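Observations on the three-dimensional arrangement
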Amino acid sequence: SSNTAKLGHQSLSNSQFQYHGVLANPITAEMVIDPHRENYILFPDGDAQIITPEWIIEKKILAAPINLIVPDGSWRQAKKIKKRLPFLQNIPTLKLAEKNPQKYPLRRQKTIDHMCTLEATALALAHLEGPKRGPLVSAHLFAVLDLLVDRSLLQKPFIYSVWPRKDK
């Protein structure tokens, strides 16, 4: 009920959702990597490039579509995805300059750099979709996230005392 990656996939018309670890249907490079686009993994590892307007201009990201691969799971699981799927080892990683906007109070984040998958996706797409579409896509995803949080908090009212929403 709180899988924000799946919710993000359902909210974006041009996305795919692949399960890793299903023995009958293992993930292949063809399922994840698009040979006609620049492929990037959204994860803040040590080699990750920071998504900034300057980086987008330098890389000419807006000139051609990219394929953003967003691992989901615990931080420990997401950190290991490049090791577990060898075809991802040469795919460059991206990270956000923004810190956690604290819009997802349903799970604790260990550091301010950590955020849920949907938050990270929304912030990345705010940059990568360009100045016209980016803010619209990001606002749509944050509205979906807000709805998830509001409905979850209605089911568990005790969370309000533990995790007060700053914007409510």
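Cut-offs applied
Counting from 1, residues in each chain are numbered in the order their sequence is written. This being a predicted model, a pLDDT of at least 70 is required before a residue's local features are given, and a value of 80 or more before pairs of side-chain atoms are given or counted; all residues contribute to the totals for chains, interfaces and linings. Water and hydrogen atoms were dropped before computing side-chain values, which therefore reflect all heavy atoms in the structure. What counts as a helix is a DSSP run of H or I of at least four residues, what counts as a strand is a run of E of at least two, and both are numbered from the N terminus. Throughout, exposure labels follow a simple rule: accessible area from a 1.4 Å probe, protein chains only, divided by the maximum for the residue type, with under 20% read as buried, over 50% as exposed, and the rest as partly exposed. Contact between two residues is taken to exist if any of their heavy atoms lie within 4.5 Å; hydrogens are not considered. Note on areas: Shrake-Rupley, 1.4 Å probe, and residue coverage restricted to the protein chains presented here. Between rings of Phe, Tyr and Trp, where Trp is taken as its six-membered ring, a pair exists when centres lie within 6.5 Å; planes separated by under 30 degrees are stacked, by over 60 edge-to-face, and by other angles tilted. What makes a nonpolar core is a set of buried Ala, Val, Leu, Ile, Met, Phe, Trp, Tyr and Cys residues whose side-chain atoms join them at distances within 4.5 Å. For two strands to count as paired, DSSP must find a minimum of two bridges between them. As a rule, the C-alpha atoms of each element are fitted with a line to give its axis, helices using only the stretch in contact, and angles between N-to-C directions run from 0 to 180 degrees. Any carboxyl oxygen of Asp or Glu within 4 Å of a side-chain nitrogen of Lys or Arg constitutes a salt bridge here.

1. Focus: the overall build of the protein
- Of the regular secondary structure elements, the protein holds eight helices and four strands.
- Listing each helix as α and each strand as β along the protein from the N terminus yields α-α-β-β-α-β-α-α-β-α-α-α.
- The buried share among the 168 residues of the protein stands at 38%.
- If you take every contact in the protein between residues at least 6 apart in sequence, the share linking residues at least 24 apart comes to 67%.
- Total accessible area computed for the protein in this model is approximately 10800 Å², and 55% of it derives from carbon and sulfur atoms.

2. A short note on the packing of aromatic side chains
- This model, assessed by the stated rule, comprises one aromatic pair.
- Plain terms: the ring middles of tyrosine 40 and tryptophan 55 are 5.6 Å apart, the flat faces sit at 75 degrees to each other, and that makes the pair edge-to-face. With a gap of 15 residues between them, tyrosine 40 in strand β1 (residues 38–42) and tryptophan 55 in helix α3 (residues 53–59) connect regions that are remote in the sequence.
- Judged by its relative accessible area of 4%, tyrosine 40 falls in the buried class.
- Residue classification places tryptophan 55 among the buried positions, given a relative accessible area of 7%.

3. Quick notes on the nonpolar core
- Core analysis: the largest hydrophobic core is formed by 26 residues, its most contacted members being Ile51, Leu68 and Leu128.
- Within the residue set of this core, elements represented by two or more residues are β1, α3, β3 (66–69), β4 (93–96), α6 (117–128) and α7 (130–155).
- Once residues lying within four places of it in the same chain are set aside, the contact partners of isoleucine 51 are Leu42, Ile56, Leu94, Lys95, Leu96, Ala97, Ala124, His127 and Leu128.

4. Quick notes on the sheet that holds β4
- Across the sheet, which stays open at both edges, the four strands sit in the order β2-β4-β1-β3 with parallel pairing between neighbours. The sheet is open, and its two edges are formed by β2 (49–51) and β3, each paired on a single side. Between one strand and the next, the sheet's axes are offset by a mean angle of 40 degrees, whatever the strand orientation.
- Pairing of β1 with β4, which is carried by two bridges, proceeds in the parallel orientation. In the strand pairing of β4, isoleucine 41 is matched with threonine 93.
- Running at roughly 165 degrees to β3, α6 makes contact with β1, β2, β3 and β4 of the sheet.

5. Looking at the pattern of salt bridges
- If you walk through the whole model with that rule in mind, you get two salt bridges.
- The residue aspartate 34 makes a salt bridge to arginine 37 at a minimum N-O spacing of 3.2 Å.
- Relative accessible area serves as the criterion here: at 30%, arginine 37 is assigned to the partly exposed category.

6. Describing the pairing of β3
- Going residue by residue along β3, you find Ile66 and Leu68 tucked away on one face and Asn67 and Ile69 tucked away on the opposite face as well.
- Sheet topology places β1 next to β3; four bridges connect them, and they run parallel. Bridge pairing links isoleucine 41 to isoleucine 69 in β3.

7. Let's talk about the environment of alanine 5
- Note on placement: alanine 5 falls in helix α1 (residues 4–11).
- Separated by 114 residues in sequence, alanine 5 and glutamate 119 place their C-alpha atoms 9.4 Å apart.
- With residues up to four places along the chain from it excluded, the contact list for alanine 5 reads Phe17, Asp72 and Thr117.

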